[in-house]
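Structure assessment
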Amino acid sequence: MDRIVTASAAHGTVSLVAGITSGLVGQARERHDLAPSASAAVGRLLTAVALLGASLKGRERLTLQVVGDGPIGAITADAWSTGTHTIGARAYARNGRADLALNARGKFDVAGIVGSGKLQVTKTYEVGQPYSGIVPLVSGEIGDDVASYLANSEQIPSIVALGVLADPNGIRAAGGVIAQVQPGADDATVAALERNAASMTPVTTQIVEGAGAEELMRAVAGDLDVKLFDTYQLAFDCRCTRDKVEIALLGLGKDELAKIAREQPQTEATCDFCGVTYVLTADDVRDLAERLG
């Protein structure tokens, strides 16, 4: 079962969140038939939104969207609370079959399939208008880009380590850890975090060797005292419903709906995130048109 753990270190001057997301990323890969390179890119963004989603309250929702000029196009990932200590998340890419040869380091060329562009972060609150921040991509590797957003838009210096290990048979390992420096942190604490991050074994290697969320967290924290807080269960989820499809169709207007009902025996709408297809008959569409008077 995928899980996320939150904690603090250095007497509360560092906040930590880490998680294993192998099942979540595996679901995204299967639902969208993602190529290996695309699996790594989508999986990293999905892991990032899940980790950051641990701080959401009530009906808040967090959306990360990477829009680059590489072959994968836009990647979008959402996370929200689905109950007490449970997080739901989902993601999709415009071109999930995008794939490139391994880079010079023998790793997935995530930067290559993402390209240059921007990262947009949107937080939707239970009450009030959503907040959005946009930063240029600094590398296209996702982790660096999320760290750049946290540092520049939220003024929180952060270490973000994300990893996805995929092969033709599926996702072997996925997970990540984020350490955020809080007010009051001294220079020695920041230096220790930077040293630990620089020398840390890759996330996926740690997971393959049996590491859980706590071990990923301690790999970044090192000798800093760690105080564990909460544990969250994590699962692929989707917010699509037939009612939302009908609302979208109503936006077409009465005349267009009437035309569709005349010309098409059935109308299909497929959710980008989960792949579920909703089918409406001509009578269903006609009924929607009649709702508009």
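As the structure is a prediction and not an experimental result, all values here were calculated from the model.

Conventions and cut-offs
- Residues numbered from 1 in each chain as written.
- Predicted model: local features only at pLDDT ≥ 70, side-chain atom pairs only at ≥ 80, totals over all residues.
- Heavy atoms only, no water.
- Core = buried A, V, L, I, M, F, W, Y, C linked by side-chain atoms within 4.5 Å.
- Buried < 20%, exposed > 50% of the residue type's maximum accessible area, 1.4 Å probe, protein only.
- Helix = DSSP H or I, 4+ residues; strand = E, 2+ residues; numbered from the N terminus.
- Contact = heavy atoms within 4.5 Å.
- Salt bridge = Lys/Arg side-chain N within 4 Å of Asp/Glu carboxyl O.

1. Overview of the nonpolar core
Ile-4, Leu-46, Leu-64, Ile-72, Val-114 and Leu-119 are the most contacted members of the largest nonpolar core, which has 58 residues in total. The element best represented in this core is helix 2 (residues 36-52), accounting for 11 residues. Grouped together as the second largest cluster of nonpolar side chains are 26 residues, Ala-18, Val-177, Met-200 and Ala-211 included.

2. With respect to helix 4 (residues 143-153)
Side chains that are three or four residues apart share a direction in an α-helix, a result of its 3.6 residues per turn. Taken as a whole, helix 4 has its buried residues at Gly-143, Asp-145, Val-146, Ala-147, Ser-148, Tyr-149 and Leu-150. Where helix 4 is buried, its residues meet helix 2, strand 6 (117-124), strand 7 (131-136), strand 8 (158-167) and strand 9 (170-181). Just beyond helix 4, the residue with positive phi is Gln-155, at close to 55 degrees.

3. Topic: the pattern of salt bridges
All told, the structure shown has nine salt bridges when counted by the stated rule. The residue Arg-242 makes a salt bridge to Glu-246 at a minimum N-O spacing of 3.4 Å. Here Glu-246 and Arg-242 lie together in helix 8 (residues 242-250), a separation of four residues that amounts to about one turn. The exposure class assigned to Arg-242 is partly exposed, which follows from its relative accessible area of 30%. A salt bridge links Arg-286 to Asp-283; its shortest N-O distance comes to 2.6 Å. Of the two residues, Arg-286 and Asp-283 both sit in helix 10 (residues 282-291), three residues apart, roughly one turn of that helix. Residues joined by salt bridges that share partners form a network here, namely Arg-242, Glu-246, Asp-284 and Arg-291.

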